[in-house]
Amino acid sequence: MNIRRLASINTTDEFKNYLSENNITLPVAENIPVGKNSALNRPYLLDGKTIGNRFCILPMEGWDGTADGHPTDLVRRRWSNFGRSGAKLIWGGEAAAVRMDGRANPHQLMINEDTLADIADLRQLLVTTHKDNYGNTDDLLVGLQLTHSGRFSCPHDSKIREPSILYHHPLLDKKFGIPSDSAVMTDDDISRLELDYIKAAELAQKAGFDFVDVKHCHGYLGHEFLSAVERPGRFGGSFENRTRFLSDVVHGIRSKTPGISIGVRLSAFDFIPFQKGENGKGEPVKYDHDHYPYAFGGDGTGTGIDLTEPILFLKKLLALGVRLVCITAGSPYYVPHIQRPALFPPSDAYQPPEDPLVGVARLISATSALKRAVPELTVVGSGYSYLQEWLPNVAEAVIANGDADFIGYGRMVLSYPDFAVDVLNGRALKKNRICRTFSDCTTAPRMGLVSGCFPLDEYYRGLPDYEALANAKKKS
Ligand SMILES: Cc1cc2nc3c(=O)[nH]c(=O)nc-3n(C[C@H](O)[C@H](O)[C@H](O)COP(=O)(O)O)c2cc1C
Ligand code: SF4
């Protein structure tokens, strides 16, 4: 496999040829119209509210809150950049833990009575920055992502995991050192956690957010329910039981905080964990059974997709009155290549097992199939940053074709905060700001440092973590 660097491709034809030579199917617009003729510039109407354009900033935490879950200046800078981005849908800002034991790292934000005023100020900063830059915030929609990190919880010390699990997963328990006799959350534990989500949504409304995301992705707790096929009791086994947490939380939020909208970020498919194989390239871990049952949206082979249950999940959202959904996949802990396609892997991962464009195309095609299966939903796609110079061409075609309603991107906003504005105004892209998927924003937190775009955002060069990251990478 010879992966060509996208920066070396100069024309749309060359890009299309590269795709076709490698059997990669992606929609590509020849030109990006400006103004009213651009699909990306077309407003979207959601429940009577207009969202000004089709770009969405995906949630991205920075491992840079205080020990008790308040934002710091680094968090405020990131949220201010989200406001400056020009995107009119802000999906969650970043994961905010609904309680201490559910933090993915000791610097994750928390939403509780103590942090409420600061979280409200954070949202206001984003909105004010947007207003200062674009004049109008009537067409801006801002949500907060609510999380419990489940088996990846690490609330007190970045080196010590304190997992809360729903079932013993034979491969993930082994990979992440979870003893086979450790306790599993009981049904009563889950019912108590539901109350924390419901309370968090009430607080999010007080903080001024338009919606909350009841996160069901990336291997965290909400996502783990969906693969709890072997768990006995009310929250495992049947599809109905595996989605009970979702429906309990949605009903609870509706009864306590009827004014707030609800969204769900979903890992719509998952793979068997990957590991470093020959030459450092990723390969599936060995599994001595014919059927791999722990991948929600998987076809049982460990690396194939079956969207039957994800479609049922989306229909359930619709029945619950939830219209906003953001489609992502897998988990950054065990299959980063299907979730955030990259040419240069994070320090604890593996070299790409496929051209990262295959990962982008897989996400876009699954999102399109889901949108077509349940067209009433408002669907946000994810994982576009790897497209680099070609992101606008693919994004324009995706929206024009109706393959998704919004283009969600994450890493690109870290390296290039005003990317969306440049695209929407037909300006030439700033080449030196384009995210090249160096993965330092993932490597740094894996080493206990803050996240951020160390290579391209000059602000990080002045931080002590810049040198610490360089030294840690030399040693690894
Ligand atoms: C540094 C970093 C932090 C992230 N934090 C979150 C998060 O808090 N919640 C979440 O749902 N996804 C998180 N993600 C995943 C992104 O939202 C997004 O799905 C992923 O980066 C792929 O999109 P992209 O190719 O545009 O970067 C994070 C990704 C990165 C790189
Ligand atoms: S560190 Fe910067 S260039 Fe590298 S993946 Fe993250 S955002 Fe992109």
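Residues numbered from 1 in each chain as written. Chains lettered and ligands numbered in written order. Predicted model: local features only at pLDDT ≥ 70, side-chain atom pairs only at ≥ 80, totals over all residues. Heavy atoms only, no water.

Chemist: Quick question: what am I supposed to make of the site of ligand 2 here?
Modeler: The immediate surroundings of ligand 2 are formed by Arg-411, Leu-414, Cys-435, Arg-436, Thr-437, Phe-438, Ser-439, Asp-440, Cys-441, Cys-453 and Pro-455. Those elements that provide at least two residues to the shell around ligand 2 are α13 (411–415) and α15 (440–446). Class assignment for the residues of the shell around ligand 2 results in 6 nonpolar, 2 polar and 3 charged. (Near = heavy atom within 4 Å. Helix = DSSP H or I, 4+ residues; strand = E, 2+ residues; numbered from the N terminus. Nonpolar A, V, L, I, M, F, W, Y, C, P; charged D, E, K, R; others polar.)

Chemist: Explain the site of ligand 1 to me, please; I cannot follow it from the model alone.
Modeler: Residues in close proximity to ligand 1 total 21 residues, the closest being Gln-145, Arg-265, Ser-385, Gly-410 and Arg-411. Taking Glu-61, its main chain carries an N or O atom lying 3.2 Å from a nitrogen atom of ligand 1. At a separation of 2.7 Å, a nitrogen atom of ligand 1 approaches a polar side-chain atom of Gln-145. If ligand 1 stood free it would expose 620 Å²; the protein chains cover 99% of that surface. Among the residues making up the shell around ligand 1, the classes are represented as 9 nonpolar, 7 polar and 5 charged. (Polar contact = N/O pair within 3.5 Å; in protein donor to acceptor, adjacent residues only side chain to side chain. Areas by Shrake-Rupley, 256 points an atom, 1.4 Å probe, with all protein chains shown as cover.)

Chemist: Explain the side chain of Gln-145 here, please?
Modeler: Tracing the backbone shows Gln-145 in strand β7 (residues 141–147). Here Asp-213 takes part through its side chain, which lies 2.9 Å from a polar atom of the side chain of Gln-145. Excluding its chain neighbours within four sequence positions, the residues that come into contact with Gln-145 are Pro-59, Gly-92, Glu-94, Ala-95, Ala-96, Asp-213, Lys-215, Cys-217 and Arg-265. (Contact = heavy atoms within 4.5 Å.)

Chemist: Is there a simple way to think about the side chain of Glu-224 in this case?
Modeler: Looking at the element boundaries, Glu-224 is found in helix α6 (residues 221–226). In this structure Glu-224 touches Arg-151, Ile-165, Leu-166, Tyr-167 and Gly-219, once residues within four positions along its chain are discounted.

Chemist: Would you explain the pairing of strand β9 (residues 261–267) in this entry?
Modeler: The two faces of the sheet receive side chains in turn, since in a regular strand these alternate between them. A large share of β9 lies buried, amounting to 6 of its 7 residues. In terms of strand pairing, strand β8 (residues 211–214) meets β9 through 3 bridges, oriented parallel. Each bridged residue has a counterpart across the sheet, and for Val-212 the counterpart in β9 is Ile-262. Across 5 bridges, the pairing between β9 and strand β12 (residues 324–328) is parallel. Bridge pairing in β12 links Val-264 to Val-325. (Buried < 20%, exposed > 50% of the residue type's maximum accessible area, 1.4 Å probe, protein only. Pairing = 2+ DSSP bridges.)

Chemist: Is there a simple way to explain unusual backbone geometry in this structure?
Modeler: Trans peptide bonds make up the majority, and among non-glycine residues the majority have a negative phi. At Trp-63, a position not held by glycine, the phi torsion is positive, near 55°. Of note, Trp-63 is situated in the loop between β3 (55–57) and α2 (73–84). One non-glycine residue with positive phi stands out, namely Gln-388, at about 55°. If you trace the backbone, Gln-388 turns up in the loop between β13 (378–381) and α12 (391–401).

Chemist: Help me understand the nonpolar core in this model?
Modeler: Counting 129 residues, the largest nonpolar core has Phe-15, Leu-26, Phe-55, Phe-313 and Leu-357 as its most contacted members. Looking at this core element by element, the count peaks at 8 residues for helix α5 (residues 187–206). Here Leu-357 is in contact with Leu-6, Phe-15, Tyr-18, Leu-19, Ile-24, Leu-26, Tyr-386 and Leu-387, once residues within four sequence places are set aside. Of all hydrophobic cores here, the second largest spans 13 residues; its members include Leu-46, Ile-51, Leu-58 and Phe-211. (Core = buried A, V, L, I, M, F, W, Y, C linked by side-chain atoms within 4.5 Å.)

Chemist: Explanation requested: the packing of aromatic side chains in the structure shown.
Modeler: Aromatic ring pairs are defined here through the distance separating the ring centres and the angle between the ring planes. Summed over the entire model, instances satisfying the criterion amount to 28 aromatic pairs. Their ring planes at 85° and their centres at 5.3 Å tell us that Tyr-287 and Tyr-292 sit as a pair that is edge-to-face. Feature note: the residues Phe-55, Tyr-409, Tyr-416 and Phe-419 constitute an aromatic cluster, connected by ring pairs. The side chain of Arg-54 reaches across the aromatic face of Phe-406, ending 5.9 Å from its centre. Above the face of the Tyr-459 ring, Arg-77 is positioned so that its terminal group lies 4.0 Å from the ring centre. (Phe/Tyr/Trp six-rings, centres within 6.5 Å; stacked < 30°, edge-to-face > 60°. Lys NZ or Arg CZ within 6 Å of the ring centre and 35° of its normal.)

Chemist: I'm lost on the pattern of salt bridges in this one. Help?
Modeler: When their charged atoms lie close together, side chains carrying opposite charge are able to pair. According to the stated counting rule, one finds 28 salt bridges in the structure shown. Notably, a salt bridge pairs Arg-436 with Glu-389, separated by 2.9 Å at the nearest N-O pair. Of this pair, Arg-436 sits in the loop between α14 (419–424) and α15 while Glu-389 is found in the loop between β13 and α12, placing the two residues 47 residues apart along the sequence. Taking the relative accessible area as the measure of exposure, Arg-436 reaches 17% and is therefore buried. (Salt bridge = Lys/Arg side-chain N within 4 Å of Asp/Glu carboxyl O.)

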